[in-house]
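Observations on chain architecture
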Amino acid sequence: MSQLLQHLINGLAAGTIYALVALGYTMVYGVLKLINFAHGDVMMVGVYMGYATAFTLGRQNQKTFLGVVLIFLVAMAGCALMGFIIERFAYRPLREKPRLTALITAIGISFALSYGFQLDIGFLPGAAPRAFPEVIRPNEWLIIGDRDVVVWNWQVMSLLIAVALMVGLQYLVFKTRFGRAMRAVSYDHRVAALMGIPTDRVIAVTFMISSSLAAGAGLLYAIKDTSVTPLMGLYVGLKAFVAAVIGGIGHVPGAVVGALMLGLVEEFVVGYAASTWRDAVAFAILILVLLVKPGGLFGRVAAEKV
Amino acid sequence: MRRFVPMLLAALAVMSAGCEKKTQPASPDTDASKQSAQAPAGNTAATPPAPSDANTLLLGVATSLTGGQATFGISTRNGIELAVKQANEAGGVKDKKLAMRVYDTQGKPEEAAQAVTRLITQDKVLVVLGDVASSNSLAMAEKAQAAGVPMITPSSTNPTVTEKGDYIFRACFIDPFQGFVMAKFARENLKLSQVAVLQDNKSAYSIGLKDVFTRKFTEMGGKIATIESFSQGDTDYRAQLTAIKKSQPEAIYVPGYYSEVGVIARQAKELGLNVPLLGGDGWDSEKLYELGGSAIQGSYFTNHYSPDNPDPRIQKFVADYKAAYGAVPDALAALAYDAANMAIDALKKAPDTSGPALRDTIAKTKDFPGVGGAITLDEKRNPVKAAVVLKVGDGKSDYVTTVNP
């Protein structure tokens, strides 16, 4: 019983991270109908930005509250800028081209980032894994029995952050002027432009928000699993993408539910079966969902515009 | 939806590509992640041109002086150089001086194959020494075997390397041996009776070690609490560790690489598993101390050699190496030094320096005093020799004991 409970907690913690990454996928897809495969690698770059900030601050200052806030701010702002640059120079020139072109570009950027970061020249970090510094002092927040079940402070924190961001995002999309512009661009960006909506700016801001979300998620991930490598984005990004599709891509709460589900399923498969089965089960669920409900659990199948 | 299908296909393509690239080499000695070193510029040219006249015996060296395994290759070259220098100072072999010709394999099998071909056909070396990574040595072994030139790999631990043919030898123990050593150490020295195993399902190295460890440990009266597995590249091991915790082991055997072990150690501590980890030479990296932090301290792993070993022969080697290169020799340097000395010993003892004569002489190597332990080759041309057990401390590992086969 205690084992089940511990698995439940671990699975939720893993799912939370997927959720934050999945939100970025879902936002960009919602607005542009583009699956931004570079998203996971933007996350990885964010982690390295946080890493660099933590070391610039010095080891002593890492555990102050201000230090943590600063690390998150620098990484999130840095990634927002990077998201802007990627959108401006890689995706915008392709906006009127077939959608597959932008998708392939996204894959290209993804590989350029993850393999470029493995080079060992100048400021680039090299291929070796690094230990992310303990920026949050890990505390046992709740202990049941003789340490049978342990809940950590950062697990609770990341769950709260994920829920808050999800609520904030829902608010942004459905209650604000900017959200209305986003939805209009999503519906038809040419007509939206005719109506006086600055489509380019809306899309750029969407990319910036999604990229800074990725940085935040990446930092939570690095705090959780401590080891950071240039290839981490490929893996986490793909899992988050699967989560977004399961939940219904383009649907904000769907992404969160899909991600938490995926985290839990993976944890239980590994805990009770074997890690070899984990990816197989994750993708089997994806296929099953797509067969039964092609739009994902929460998504609607939109009629193709002719 | 129609647009969605190609996107999904592309996603799967990305994934498979990602997975492929993530696959790590199957042997710790191939591990590219040690901090890449300052490779000497023009490494091939850096070797003094060896005169191939009648007064010289030429040894061929092919190892990775650049690329991700550069530190490994440079240590290897230094170890061989030291052995050659010492042999020449002692009067050479058969009234001739020894010389070496070094080529860089860049850590790539295709470069290694090319290098060994050049060594054999162009430079006409008598013995080939190299490479570090098993995959490179496999490529070289084929060529050396076909040409009938003996080859000694200092540090390729994959069992298949010497199976390439009867001209291929090695100076290090093979992977499964470490499992045996750790089982013996856990049972006899640590007096453990219940150990859990956390293996890497995707690595032949890890599974090989696990198989031997569990068999030997049970034979010696111990109990395997549970066997859990992970896949290379994972970073979250909490599910497995939660299951392991339930089995209440006294230690966890983790035959993996430092990149995973460090994280496993941290997460085990986090879940309240306060038991030592046990492992193999895949742990041997500076990175282990960074990734594992204080959580990994007090754990044990098997390795080829320890510079702290009080054995006078080892201390002399450490001192000589330090004097020549200004650094403490690592296991790669020690094994390379042994491999070169095995070759030199064979050159001394062989009736002539032809390939078959040298092969027969090397095959008879028995109780050869290497710094990585006494070497006796078995019928599969693998050394039967001792392994050392190291205890992880703060930023370095300390010598605990030597375990004989």
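Residues numbered from 1 in each chain as written. Chains lettered and ligands numbered in written order. Predicted model: local features only at pLDDT ≥ 70, side-chain atom pairs only at ≥ 80, totals over all residues. Heavy atoms only, no water.

- The name given to chain B in an unreviewed UniProt entry is ABC transporter substrate-binding protein, with Hyalangium rubrum as the source organism.
- Annotation of chain B in UniProt includes, under Sequence similarities (unreviewed entry), the sentence "Belongs to the leucine-binding protein family." (UniProt positions renumbered as here; feature names shortened; annotations may be inferred.)

- Named according to an unreviewed UniProt entry, chain A is Branched-chain amino acid ABC transporter permease originating from Hyalangium rubrum.
- Turning to chain A, the UniProt record has this under Subcellular location (unreviewed entry): "Cell membrane".

Some words on the overall build of chain A
- Within chain A one finds 11 helices and 4 strands.
- For chain A, the share of sequence-separated contacts (at least 6 apart) that also reach a separation of at least 24 residues comes to 72%.
- Carbon and sulfur atoms provide 70% of the accessible area of chain A, an area that totals close to 13200 Å².
- The average position of the 23 basic charges and that of the 15 acidic charges among the side chains of chain A differ by 11 Å. (Helix = DSSP H or I, 4+ residues; strand = E, 2+ residues; numbered from the N terminus. Contact = heavy atoms within 4.5 Å. Areas by Shrake-Rupley, 256 points an atom, 1.4 Å probe, with all protein chains shown as cover. Lys, Arg positive; Asp, Glu negative; His and termini not counted. Charge placed at Lys NZ, Arg CZ, Asp CG, Glu CD.)

Digging into the packing of aromatic side chains
- Counted according to the given criterion, the structure contains 20 aromatic pairs over all chains.
- Relative to A:Tyr272, the ring of A:Phe268 has its centre 6.0 Å away and its plane inclined at 10°; by these criteria the two rings are stacked. Of this pair, A:Phe268 and A:Tyr272 are both found in helix α10 (residues 252–272), 4 residues apart, which corresponds to roughly one turn of the helix.
- Aromatic ring contacts, followed pair by pair, group A:Tyr48, A:Tyr51, A:Phe55, A:Phe117 and A:Phe132 into a single cluster.
- If you follow A:Arg88 out to its NZ or CZ, it ends over the ring of A:Phe89, 5.4 Å from the centre.
- Over the face of the ring belonging to B:Tyr167 we find B:Arg359, whose NZ or CZ atom lies 4.8 Å from the ring centre. (Phe/Tyr/Trp six-rings, centres within 6.5 Å; stacked < 30°, edge-to-face > 60°. Lys NZ or Arg CZ within 6 Å of the ring centre and 35° of its normal.)

Digging into the sheet that holds strand β15 (residues 397–403) of chain B
Residues and elements named next belong to chain B.
- Strand order in the open sheet made by the 7 strands is β7-β6-β8-β9-β10-β14-β15, with mixed pairing throughout. One side of each edge strand has no neighbouring strand; the edge strands of this open sheet are β7 (223–230) and β15. Taking each pair of neighbouring strands and ignoring which way they run, the sheet shows an average axis angle of 25°.
- Bridge analysis of strand β6 (residues 194–200) against β7 gives 6 bridges, and the strand direction is parallel. Residue pairing across strands places Gln-199 opposite Ser-229, the latter belonging to β7.
- Of the strands in this sheet, β6, β7 and β8 (251–253) are in contact with helix α7 (residues 204–219), which crosses β6 at around 165°.
- Across the sheet, helix α8 (residues 238–246) is in contact with β6, β7 and β8; its angle to β7 comes to roughly 170°. (Pairing = 2+ DSSP bridges. Axes fitted to C-alpha atoms, helices over the stretch in contact; angles between N-to-C directions.)

Describing unusual backbone geometry
Residue and element names in this part refer to chain B.
- Here the bond from Gly-130 into Asp-131 is cis, since omega is -20°, no more than 30 degrees from zero.
- Relative to the elements of secondary structure, Asp-131 occurs in the loop between β3 (127–130) and α5 (134–147).
- Look at Lys-94: it is not a glycine, yet its phi comes out positive at around 50°.
- Relative to the elements of secondary structure, Lys-94 occurs in the loop between α3 (70–89) and β2 (97–104).
- Note on Lys-94: relative accessible area 36%, which makes it partly exposed.
- Phi angles above zero are rare outside glycine, and Asp-95 is one such case at about 60°. (Buried < 20%, exposed > 50% of the residue type's maximum accessible area, 1.4 Å probe, protein only.)

Brief notes about α8(B)
Residue and element names in this part refer to chain B.
- Across the 9 residues of α8, 8 count as buried, placing the element largely inside the fold.
- Considered for burial, the residues of α8 that qualify are Arg-238, Ala-239, Gln-240, Leu-241, Thr-242, Ala-243, Ile-244 and Lys-245.
- Gln-248 lies just past α8 and shows a positive phi near 50°.

Some details on the pattern of salt bridges
- A full pass over the atoms with the stated rule returns 25 salt bridges over all chains.
- Close ionic contact of A:Asp200 with A:Arg92 constitutes a salt bridge, the shortest N to O distance being 4.0 Å. Pair noted here: A:Asp200 is in helix α8 (residues 199–225) and A:Arg92 is in the loop between α3 (65–91) and α4 (99–116), with a separation of 108 residues, a long-range link.
- Accessibility expressed as a relative area gives 33% for A:Asp200, which makes it partly exposed.
- Judged by relative accessible area, which is 21%, A:Arg92 ranks as partly exposed.
- As a salt-bridge pair, B:Lys316 and B:Asp320 come within 2.7 Å of each other at their nearest N and O atoms. Of this pair, B:Lys316 and B:Asp320 both sit in helix α11 (residues 312–325), 4 residues apart, roughly one helical turn.
- Residue B:Asp320 is classed as partly exposed on the basis of its relative accessible area, which comes to 21%.
- One continuous salt-bridge network, built from bridges that share partners, spans A:Lys224, A:Asp225, B:Asp236, B:Arg238 and B:Glu270. (Salt bridge = Lys/Arg side-chain N within 4 Å of Asp/Glu carboxyl O.)

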